[in-house]
Amino acid sequence: MLQAGWLLLGAMTIGGALGARRSLRSYRLALGAMSALYLGLGAAANAAFLLVGSTYAHFAEASRFGFVRDTWESLVVPHERLFITALVLFEAAVGVLLLVGGRARQVALVLIAAFNVAVLAFSWWYAPWSVPMVVAVVLLLRAGRTWSAGVSPAPSSSRSAGPAATAPG
């Protein structure tokens, strides 16, 4: 069930990000889906796992980097509650900051991109998720510049000579 939610919200994020520069609706869809990913399926799910006693002890075993496996085992596992609580707080913070807008949204998007790049150190199996998410973040950062200006992008063809619509801030 959790994986289905990730796939659905991930597809909504990526799909919305692909059209975000041309459509304010797509931009908002992508931001809302990404926020739901981090608030609901990230922060809330990891908090629930923490509360029921799930362990993250084996999370780094697939890493091809010995220092990642060793650091996880020697630092994170003995203090798992602390580190997973920090993860929950991070996920909740970026989920909220995505909704706040402005500079806070930009910071959240950069942090999400960095997080998705960092998770690749744990396994290349995360690449099919992380790479499209980083692309979505870049597209959303780019679209954010367009929509923060308060106007829609210029028409893509000379046949669309209608006036540019303004976007609410």
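## Focus on the nonpolar core
And then number 1: Counting 24 residues, the largest nonpolar core has Y27, M34, L98, I112 and L140 as the members making the most contacts within it.
And then number 2: Those elements giving two or more residues to this core turn out to be α1 (2-19), α2 (24-52), α4 (80-100), α5 (102-118) and α6 (127-148).
And then number 3: Per-element tally for this core: the top contributor is α2, with nine residues.
And then number 4: The contact partners of L140, leaving out residues within four places of it in the chain, are A17, A20, Y27, A30, L31, M34 and L109.
And then number 5: Among the nonpolar cores identified, the runner-up in size contains 11 residues, and L50, Y56, I84 and V119 belong to it.

## Description of the confidence of the model for the protein
And then number 1: When pLDDT is averaged along the protein, the result is 90; 88% of the residues meet or exceed 70.
And then number 2: Low pLDDT (under 50) marks residues 157-169, which in the prediction has 12 contacts with non-local residues, meaning those over four places away or in another chain.

## Some details on the packing of α1 against α6
And then number 1: One can describe the packing of α1 onto α6 by two numbers: an axis separation of 8 Å at closest approach and a directional angle of 40°. Judged by the twist between their axes, the crossing of α1 over α6 is left-handed. Contact residues: α1 offers W6, G10, T13, I14, A17 and L18, while α6 offers W129, P132, M133, A136, L139 and L140.
And then number 2: Residue composition of the contact of α1 with α6, grouped by class: 10 nonpolar, two polar and no charged.

## Some words on helix α3 (residues 66-76)
Because each turn of an α-helix spans 3.6 residues, side chains separated by three or four positions in sequence point in the same direction.
And then number 1: Within α3, burial applies to V68, W72 and V76. Within α3, the buried residues cover an arc of 35° as seen down the axis, which keeps them to one side. Pointing more than 90 degrees away from the buried face of α3 are the exposed residues F67, D70, E73 and S74.
And then number 2: Looking at the packing, one finds that the buried side of α3 touches α4.

## Digging into the packing of α2 against α4
And then number 1: Close contact between α2 and α4 brings their axes to 8 Å; oriented N to C, the two are set at 160°. Considering the angle they form, α2 stands roughly antiparallel to α4. Crossing handedness for the pair α2 and α4: left-handed. Here L31, M34, S35, Y38, L39, G42, A43, N46, A47 and L50 of α2 lie close against α4, whose contacting residues are R81, I84, T85, L87, V88, E91, A92, V94, G95, V96, L98 and L99.
And then number 2: A class-by-class count of the residues in the contact of α2 with α4 yields 15 nonpolar, five polar and two charged.

## Considering the packing of aromatic side chains
And then number 1: Taken as a whole and judged by the stated rule, the model has eight aromatic pairs.
And then number 2: Residues F59 and F122 carry aromatic rings whose centres are separated by 4.9 Å and whose planes lie at 50° to one another, so their mutual orientation is tilted. Placement of the pair is F59 in the loop between α2 and α3 and F122 in the loop between α5 and α6, with a sequence separation of 63 residues.
And then number 3: Given the relative accessible area of 31%, F59 is considered partly exposed.
And then number 4: According to the relative accessible area criterion, F122 is buried, its value standing at 17%.
And then number 5: Their ring planes at 40° and their centres at 5.9 Å tell us that F59 and Y126 sit as a pair that is tilted.

Cut-offs used in this document
- Residues numbered from 1 in each chain as written.
- Predicted model: local features only at pLDDT ≥ 70, side-chain atom pairs only at ≥ 80, totals over all residues.
- Heavy atoms only, no water.
- Core = buried A, V, L, I, M, F, W, Y, C linked by side-chain atoms within 4.5 Å.
- Buried < 20%, exposed > 50% of the residue type's maximum accessible area, 1.4 Å probe, protein only.
- Helix = DSSP H or I, 4+ residues; strand = E, 2+ residues; numbered from the N terminus.
- Contact = heavy atoms within 4.5 Å.
- pLDDT = per-residue confidence, 0-100.
- Axes fitted to C-alpha atoms, helices over the stretch in contact; angles between N-to-C directions.
- Left-handed = near helix turned anticlockwise from the far one by under 90°.
- Nonpolar A, V, L, I, M, F, W, Y, C, P; charged D, E, K, R; others polar.
- Arc of directions from axis to C-beta.
- Parallel < 35°, antiparallel > 145°, perpendicular 65-115°, else oblique.
- Phe/Tyr/Trp six-rings, centres within 6.5 Å; stacked < 30°, edge-to-face > 60°.

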